[in-house]
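In case you want the letters, here they are:
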Amino acid sequence: QVQVVESGGGLVQRGGSLRLACAASGSIFSMNDVAWYRQAPGKQRELVADIRSGGSTYYADSVKDRFTIFRDNRKKSVFLQINNLKPEDTAVYYCNVEVIVGGTYERLEVWGPGTLVTVSS
């Protein structure tokens, strides 16, 4: 069984910073692509950033130059550094991890439960 947990959310003021963490655990042979999504109240879930197993990254236009995604494969973790936070960044942030399961070598996509980021003005 593979689990994913996000952490690092909280209440911050406009202009502040947060570092979100996404940690995968369980029977994992390899951790491949990892993506951060967010869902604001009343809105659809949207992709904000992802990082491939080789390290290449993608950012949504709305977060470029403020968000940085990076990974620590040894710790099976991916981080999202968020700077210059804006009230419109308020959302639940979710991590989606693609793994190859140890033993079966099955490919799985696993979601975490999310972490809430609230930005006050």
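Residues numbered from 1 in each chain as written. Predicted model: local features only at pLDDT ≥ 70, side-chain atom pairs only at ≥ 80, totals over all residues. Heavy atoms only, no water.

**Comments concerning the pairing of strand β9 (residues 91-101)**
Looking along a regular strand, one sees side chains alternate from face to face of the sheet.
Step number 1: Of all 11 residues in β9, 10 are buried; the element is thus mostly enclosed.
Step number 2: As defined by bridge partners, strand β4 (residues 28-39) adjoins β9 across 9 bridges and the pair is classed as antiparallel. Each bridged residue has a counterpart across the sheet, and for R38 the counterpart in β9 is Y93.
Step number 3: Two strands pair when backbone bridges link them, and β9 and strand β11 (residues 115-120) are joined in this way by 3 bridges, in the antiparallel orientation. By the bridge assignment, V92 is partnered in β11 with L116.
Step number 4: Summarising the sheet, β9 and strand β10 (residues 107-111) pair through 5 bridges and their orientation is antiparallel. Of the residues in β10, the one forming a bridge with N96 is W111. (Buried < 20%, exposed > 50% of the residue type's maximum accessible area, 1.4 Å probe, protein only. Helix = DSSP H or I, 4+ residues; strand = E, 2+ residues; numbered from the N terminus. Pairing = 2+ DSSP bridges.)

**A few points about the state of the cysteines**
Step number 1: By the definition in use, this model includes 1 disulfide.
Step number 2: A sulfur-sulfur separation of 2.0 Å characterises the disulfide bridge that pairs C22 with C95. Between C22 and C95 the sulfur-sulfur dihedral comes to about -75 degrees; the bridge is accordingly left-handed. Of the two residues, C22 sits in strand β3 (residues 18-26) while C95 sits in strand β9, which places them 73 residues apart along the sequence. (Disulfide = S-S within 2.5 Å.)

**Considerations on the sheet that holds strand β7 (residues 67-72)**
Pairing between sheet strands relies on hydrogen bonds along the backbone, with the strands arranged either parallel or antiparallel.
Step number 1: Strand order in the open sheet formed by 4 strands is β1-β3-β8-β7, with antiparallel pairing between adjacent strands. Pairing within the sheet leaves two strands with one partner each, and these edge strands are β1 (2-7) and β7. Taken over all neighbouring pairs, the strand axes of this sheet differ in orientation by 15 degrees on average, direction set aside.
Step number 2: Sheet topology note: the β7/strand β8 (residues 77-82) ladder contains 6 bridges and is antiparallel. Bridge pairing links I69 to L80 in β8. (Axes fitted to C-alpha atoms, helices over the stretch in contact; angles between N-to-C directions.)

**So, the nonpolar core**
Step number 1: Ranked by internal contacts, the top residues of the largest apolar core, which has 33 residues, are W36, F67, I69, L80, Y93 and V97.
Step number 2: Contacts of Y93, omitting those with residues within four sequence positions, involve E6, L20, W36, Y37, R38, F67, L80, I82, G114, T115 and V117. (Core = buried A, V, L, I, M, F, W, Y, C linked by side-chain atoms within 4.5 Å. Contact = heavy atoms within 4.5 Å.)

**Some words on the pattern of salt bridges**
Step number 1: Tallying each qualifying case throughout the model produces 7 salt bridges.
Step number 2: The shortest N-O distance in the salt bridge between R107 and E98 comes to 2.9 Å.
Step number 3: In this structure E98 comes out as buried when scored by relative accessible area, which is 13%.
Step number 4: Overlapping salt bridges bring together R38, E46, R66 and D89 as one network. (Salt bridge = Lys/Arg side-chain N within 4 Å of Asp/Glu carboxyl O.)

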